[in-house]
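Residue strings, one per chain:
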Amino acid sequence: MDKKISIIGAGSWGTALAVLLANKGISVNMWSVFEDEIKMLNEKREHVHKLPGTIIPENVTFTSDLEKAVGDAEVLVMVVPAQTVRQTSKDISKYIRNDTIIVSCSKGLEEGTGLRMSEVIGQEIKNAKTVILSGPSHAEEVGKGIPTTVVAASEDIEAAELIQDIFMAPEFRVYTNTDVVGVELGGALKNIIALCAGIS
């Protein structure tokens, strides 16, 4: 796989996805707004706070320079908190290529508007080609290689199939779907239920 891939967000899920891709031999550039987080990841090769015990392969690089992370990326994986998706998308819009596929991994609805994440991204990044990657998954399990199943959903089935190909691994099964609304609302509902139950 020779696609240039950047992950926007270096939390537990972003780190787990970076490890998944790196273990497939894919080079990944990971961005964080926090300089101290980038320093820790570079020095420890592990997110000691959010995904302890999962070692990050050497083919994952780190940066706090958003232009560097976004500018030449062909696939941009958005793994930031739902309520920061709008501002992050707005910042990204200054640098993103017209043909870049955005993979939205942020679950939830925007406070105040109730918009789904793909709708928020679409408002801030015109003509965005977005694929939703979502499912009953946990970062710590993916980081450890525990079998997981997710869905790549997009109105553009070819884009969904490309993301399926990029992320598919023996321990990480990816299925495609064109029901963007259903997949996004399913992910949002899961988060709401978890919050109400006090387990998230």
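Residues numbered from 1 in each chain as written. Predicted model: local features only at pLDDT ≥ 70, side-chain atom pairs only at ≥ 80, totals over all residues. Heavy atoms only, no water.

Draft legend 1. Quick peek at the nonpolar core. Ranked by internal contacts, the top residues of the largest apolar core, which has 40 residues, are Trp13, Leu17, Val77, Leu133, Ile163, Phe167 and Phe172. Top contributing element to this core by residue count: helix α1 (residues 12–23), with eight residues. Non-local contacts of Ile163, meaning those with residues more than four positions away in its chain, are made with Val75, Ile101, Val103, Val131, Leu133 and Ala152. Counting residues in hydrophobic clusters, the runner-up holds 19 residues, among them Ile8, Trp31, Ala82 and Ile121. (Core = buried A, V, L, I, M, F, W, Y, C linked by side-chain atoms within 4.5 Å. Buried < 20%, exposed > 50% of the residue type's maximum accessible area, 1.4 Å probe, protein only. Helix = DSSP H or I, 4+ residues; strand = E, 2+ residues; numbered from the N terminus. Contact = heavy atoms within 4.5 Å.)

Draft legend 2. Summary view of the pattern of salt bridges. One pass over the full model with this rule turns up nine salt bridges. One salt bridge connects Lys4 with Asp72, and the closest N-O pair in it is separated by 3.9 Å. A residue pair is termed long-range when its members are at least 10 positions apart, and Lys4 in the segment before β1 (5–8) and Asp72 in the loop between α3 (66–70) and β6 (75–78) qualify at 68 residues. Judged by relative accessible area, Lys4 falls into the partly exposed class, the value being 46%. Measuring nitrogen to oxygen at the nearest pair gives 3.8 Å for the salt bridge that ties Glu58 to Arg45. On the criterion of sequence distance, the pair formed by Glu58 in the loop between β4 (51–55) and β5 (60–63) and Arg45 in the loop between α2 (35–44) and β3 (46–47) is long-range, its members being 13 residues apart. Classification of Glu58 as exposed rests on a relative accessible area of 63%. Arg45 sits in the buried class, given a relative accessible area of 13%. Sharing partners across several salt bridges, the network here consists of Arg86, Glu110 and Glu124. (Salt bridge = Lys/Arg side-chain N within 4 Å of Asp/Glu carboxyl O.)

Draft legend 3. Representation of helix α4 (residues 85–92) in the model. Buried within α4 are the following residues: Val85, Arg86, Thr88, Ser89 and Ile92. Along the long axis of α4, the arc covered by the buried residues comes to 165°, so they all point the same way. In the core, the buried residues of α4 are packed alongside β1, α3, β6 and α5 (117–124). (Arc of directions from axis to C-beta.)

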